[in-house]
Amino acid sequence: DSALVWFRRDLRHTDHAALYHALKNARRVWCVFVLDTDILDALPRHDRRVAFILDSLRELDAALARLAPGSGLIVRHGSARTELPRLAAELGVQAVYANHDDEPDALARDAQVRGKLSGLGAALFTSKDHVIFERHEVLTGNGTPYGVFTPYKNAWLKKLEPFYVKPYPVAPYAAHLAAIPEKIAPLWPERVPTLPEIGFEPVTDLKVPTGMSGAEQLLDDFLARMDRYDEQRDFPAVKGPSYLSTHLRFGTVSIRHLASLAWARMKEGSEGARVWLSELIWRDFYHQILHHHPHVVGGAYKREYDRIKWAKGKEAEAHFQAWCEGRTGYPLVDAAMRQLNQTGYMHNRLRMVVASFLIKDLGIDWRRGEAYFAEKLLDFDLSANNGGWQWAASSGCDAQPYFRIFNPTSQSEKFDPQARFIRRYVPELAPLPDAALHAPWLARPADLAAADDFVLGRDYPQPIVQHDVARAETLARYAVVKAPD
Ligand code: FAD
């Protein structure tokens, strides 16, 4: 009756399903995190997410040691497919507990680990932890998964009961956390390695506070403005959203805790809380879409959209590079891409704007944008990112028709009216008057000259495409969707 808890995207020691089940069922419990080279080897050597993980592991290790002296986190570095069964054998445990990870690669990895463990006479038990409802929990009356958000959300809210947001108590069973045996020598001087010790460059520009304490700090801050979320969330220059996405991604905060806070305030009549809870429901929605429709990885959710022929060749390549680097000549698009490159975060409104711009102004395959976000976003999550990109491409779960195309200039005027966000990330435009900042190519030459002798095309790019022309091309490109097979 000894067990191992395998931490993955759930880096906390409170309200943790797998840890709770292990501690309740076994008398000696150890905890492990595998720095999985199957994932890490594919990442660039400068990666803020790896820094986030290591910092968060340090806090988790210390927290476990505080719960039960001598215990803590065992950290391994290698392929989880071999490291995990090896450690289970070294410790001689009968069971391994983990929380569900429903991404296709993770499911394949878990199946392999389960097989190897069973060869050792040990079982792998997994539980729901990362979302409120998953897999087959919210289905239509016919027993099929939902493909449209609003009816899904209504069914989700109808199913919600206090039981589903109740925390898993861990502290009462903490005595079952066992000391790490001498033979399990740490691989590094401190139990959790530094970035260079696992082959990554040091990171000095991580702006998100890490670990459970970082999540708590962001949450405290957000609770003070949650009631205004509905009014403020769409303006990138305003501190409107929670900035908790990276913490939700890595599980340094419990989704049950967040959902119960929002639910309670919603019931007291807070419109902000209602809208924020709805965002958390989007997260569950895309999670179940990925589970039921794994073809969305690499393919359109609505399969007829795979017929579209995307722009290719030298010009498309140059456009893609300009988009990545934030030099398209559309200030809001450029500011957003520079925010992503500099911080690893991008405001939700801007994710929609830049995704629409790449797909419907530049005619570039949404999968290329999806991949660029996957590399850069601190909060990168396969299901939410894919869902967001397919939404922008109109190939996903969306009731809007594809011919509703965002106009990047009017989005800018509407959501960054004083161009405060643009000025922050595109400082070369800062001297221009507000009105000229949304579309500098339309500004009067006298206004430009009056602004420190600003020259468009020298100090900031001319727009790389014309929106009206691009819009017409997109409508033509998308026409194949309506054609019969
Ligand atoms: P808040 O506004 O405070 O929202 C709270 C939480 O709700 C978020 O942290 C997130 O977990 C969840 N959430 C909010 N909106 C969505 C949504 N549309 N879909 C799913 N979950 C949502 N979110 C990611 O977590 N990872 C991604 O890789 C990701 N890629 C995206 C790509 C595109 C093209 C688009 C349009 C959206 C993407 N989103 C992604 C959703 C959303 O933009 C971010 O979750 C949000 O901006 C994170 O900031 P926040 O924590 O301050 O959000």
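By convention here, each chain's residues receive numbers from 1 onward along its written sequence. Under the rules for a predicted model, residues below a pLDDT of 70 receive no local features and side-chain atom pairs below 80 are neither given nor counted, while totals for whole chains, interfaces and linings still include all residues.

## Describing the site of the ligand
Here's step 1: We call a residue near a molecule or strand when the C-beta position, derived from backbone atoms, sits within 6 Å of it. By nearness alone, 28 residues border the ligand, and Pro-241, Ser-242, Ser-245, Asn-385 and Gly-388 come closest of all.
Here's step 2: Of all elements in the fold, only α10 (245-250), α12 (271-292), α15 (348-361) and α17 (382-393) reach the threshold of two or more residues within the shell around the ligand.
Here's step 3: A run of DSSP states H or I qualifies as a helix once it reaches four residues; a run of E qualifies as a strand once it reaches two. Both are numbered from the N-terminal end. No other element matches the six residues that α17 contributes to the shell around the ligand.
Here's step 4: Among the residues forming the shell around the ligand, the class breakdown is 15 nonpolar, six polar and seven charged.
Here's step 5: Where each domain starts and ends comes from a domain assignment, either automatic or drawn from a database. No fewer than three residues from each of domain 2 (131-168 + 213-292) and domain 3 (303-480) sit in the shell around the ligand. Charged residues are taken to be Asp, Glu, Lys and Arg, nonpolar residues to be Ala, Val, Leu, Ile, Met, Phe, Trp, Tyr, Cys and Pro, and polar residues to be all remaining types, Gly included.

## Considerations on the UniProt feature "site: Electron transfer via tryptophanyl radical" (unreviewed entry) in the protein
Here's step 1: UniProt positions are given in the numbering used here, feature names are shortened, and annotations may be inferred rather than shown by experiment. In this numbering, the UniProt entry assigns the feature "site: Electron transfer via tryptophanyl radical" (unreviewed entry) to Trp-310, Trp-366 and Trp-389.
Here's step 2: Tracing the backbone shows Trp-310 in the loop between α12 and α13 (314-325).
Here's step 3: Placing C-beta atoms from the backbone, we regard two residues as in contact once those atoms come within 7 Å. When sequence neighbours within four positions are dropped, the list of residues in contact with Trp-310 reads Gly-363, Ile-364 and Asp-365.
Here's step 4: By secondary structure assignment, the location of Trp-389 is in helix α17.
Here's step 5: Among all residues touching Trp-389, those that are not within four sequence positions of it are Ala-355, Trp-366, Gly-369 and Glu-370.

## Some points on α13
Because an α-helix completes one turn every 3.6 residues, residues spaced three or four positions apart along the sequence face the same direction.
Here's step 1: The end-to-end C-alpha distance of α13, which contains twelve residues, comes to 17 Å, matching closely the 16 Å that a straight helix rising 1.5 Å per residue would cover.
Here's step 2: At the exit of α13 stands Gly-326, carrying a positive phi of roughly 70°. Expected span of a helix, by definition, is 1.5 Å for each gap between consecutive residues, and there is one gap fewer than residues.

## Topic: the pairing of strand β1 (residues 2-7)
Here's step 1: Most of β1 sits inside the fold, with five of its six residues counted as buried.
Here's step 2: Pairing between strands is defined by DSSP: at least two bridges between them are needed. By the bridge criterion, six bridges tie β1 to strand β2 (residues 28-36) in an arrangement that is parallel. Bridging across to β2, Leu-4 finds its partner in Trp-30. Exposure in this text rests on C-beta crowding, where 20 or more other C-beta atoms within 10 Å of a residue's own make it buried, 12 or fewer make it exposed, and counts in between make it partly exposed. The C-beta atoms are placed from the backbone.

## Some words on the UniProt feature "domain: Photolyase/cryptochrome alpha/beta" (unreviewed entry) in the protein
Here's step 1: In this numbering, the UniProt entry assigns the feature "domain: Photolyase/cryptochrome alpha/beta" (unreviewed entry) to residues 1-132.
Here's step 2: Summarising residues 1-132: 46% helix, 23% strand, and an end-to-end C-alpha distance of 30 Å.

## Describing the sheet that holds β1
Here's step 1: Sheet architecture is open: five strands sit in the order β3-β2-β1-β4-β5, paired in parallel fashion. Two strands in the sheet have a free side with no partner beyond their single neighbour: β3 (73-78) and β5 (123-127). Each neighbouring strand pair of the sheet contributes to a mean axis angle of 30°, computed without reference to strand direction.
Here's step 2: With six bridges joining them, β2 and β3 adopt parallel strand pairing. Note on β3: the bridge partner recorded for Leu-35 is His-77.
Here's step 3: Note on definitions: angles span 0 to 180 degrees between N-to-C directions of axes, and those axes are lines fitted to C-alpha atoms, for helices only across the stretch in contact. Across the face of the sheet, helix α1 (residues 17-25) comes into contact with β1, β2, β4 (95-99) and β5 while running at roughly 155° to β4.

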